[in-house]
Amino acid sequence: MRRRRTLRARWPAAIAALPLLASALAGCGSSSSGGPVTMNWYNFPDDSGALQQAAERCSHASKGQYQIRYNKLPRTADGQRQQLVRRLAAHDAGVDIMGLDVTWPAEFAEAGWVREWTGALKARATADTLKAAVQTATWKDRLYAVPYNSNTQLLWYRDDLVPVPPKSWAEMLAQADALAKAGKPHYVEIQGAQYEGLTVWFNTLVTSAGGSILTPDAQAPSLGAPAVVAAGIMRATARSAAADPSLSNQMEDENRLAMESGTAAFELNYPFVYPSMKANQPKLFQHFRWAPYPGVTAGRPP
């Protein structure tokens, strides 16, 4: 989900990846032996093999013009951004293509670390692409990255414990409490560590309550009553039977592992948990289901 750097017109016309792809503003690959140019692609560590396969396919499609080397960044989003920022600030010429999280384009563009997409490449990259996804890669009306994947958090649950998934946070916490009293798995796995995942949780609750963190022009905080509701839900979760003892240290992957261990009934997470559960816990997978994110205010969609 994130990064970028400069690239010239020879950039592969159809490179596949995940959140946003960007090219860096420094060198464009290297070739000391006169062979194919090597272009370094920095992206999050993908355990499925999909990103490595994408790099290989794109390299093969170039018919010897270039070779894309997939370099894995740290697992956490904060660590990924930190490594990229350090490299780019130090004018590292070894960064050619980056997979960027959707919150980074503005920062990288302002710093002059990424190249703008223009002309035919821009038209090709944005054709048949959802408008909202393109907007996340746009800063000051200029496109600085290309969306290549998007997803959202869902409510994952076990239907052997909860036949009908909850439609609200209040309902989910009540179900977790009932399961706890019955001596059954009952935790609600959610990102509680102090990093971007906690911000996402809060922001989602605020929006679900009909509010926003910032004003429409993003020049001042908005918050207000919806933020109070959101903070109340987070407090109630932390104090309830639904709270995993590791809540304050948990990120997405810890949530996945906890759900797979069989101690949880619910999980708020991204779709990567589905194939993981299928591969790691085939018996639990038979009862692993998904539903829309729980609502906050009656009558308002989450």
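The preceding data block contains the structure.
The sections below set out a description of the structure shown in this document. (Residues numbered from 1 in each chain as written. Predicted model: local features only at pLDDT ≥ 70, side-chain atom pairs only at ≥ 80, totals over all residues. Heavy atoms only, no water.)

### Topic: the packing of helix α9 (residues 252–261) against helix α10 (residues 273–280)
Following both chains from N to C, one finds α9 and α10 inclined at 40°, their axes separated by 10 Å at the closest point. One way to sum up the angle between α9 and α10 is to call them oblique. Helix-helix and strand crossings are classified by hand; for α9 and α10 the assignment is right-handed. Contacts from Arg256, Met259 and Glu260 of α9 reach α10 at Val273, Ser276, Met277 and Asn280. Classifying every residue of the contact of α9 with α10 by side-chain character gives three nonpolar, two polar and two charged. (Axes fitted to C-alpha atoms, helices over the stretch in contact; angles between N-to-C directions. Helix = DSSP H or I, 4+ residues; strand = E, 2+ residues; numbered from the N terminus. Parallel < 35°, antiparallel > 145°, perpendicular 65-115°, else oblique. Left-handed = near helix turned anticlockwise from the far one by under 90°. Contact = heavy atoms within 4.5 Å. Nonpolar A, V, L, I, M, F, W, Y, C, P; charged D, E, K, R; others polar.)

### Overview of the pairing of strand β4 (residues 66–72)
As paired elements, strand β3 (residues 37–43) and β4 share seven bridges and run parallel to each other. Bridging from a neighbouring strand, Thr38 pairs with Gln67 of β4. Handedness of the β3-helix α1 (residues 50–61)-β4 crossover: right-handed. (Pairing = 2+ DSSP bridges. Right-handed = clockwise from strand over helix to strand, strands pointing away.)

### What about helix α7 (residues 196–208)?
With 13 residues, α7 extends 18 Å from end C-alpha to end C-alpha; this agrees with the ideal 18 Å at 1.5 Å per step. Looking only at α7, the buried set comprises Gly197, Trp201, Leu205, Val206 and Ser208. Contacts made by the buried residues of α7 are with α6 (169–181) and α8 (225–238). Gly210, located one to two residues past α7, shows a positive phi value of around 90°. (Expected span 1.5 Å × (residues − 1). Buried < 20%, exposed > 50% of the residue type's maximum accessible area, 1.4 Å probe, protein only.)

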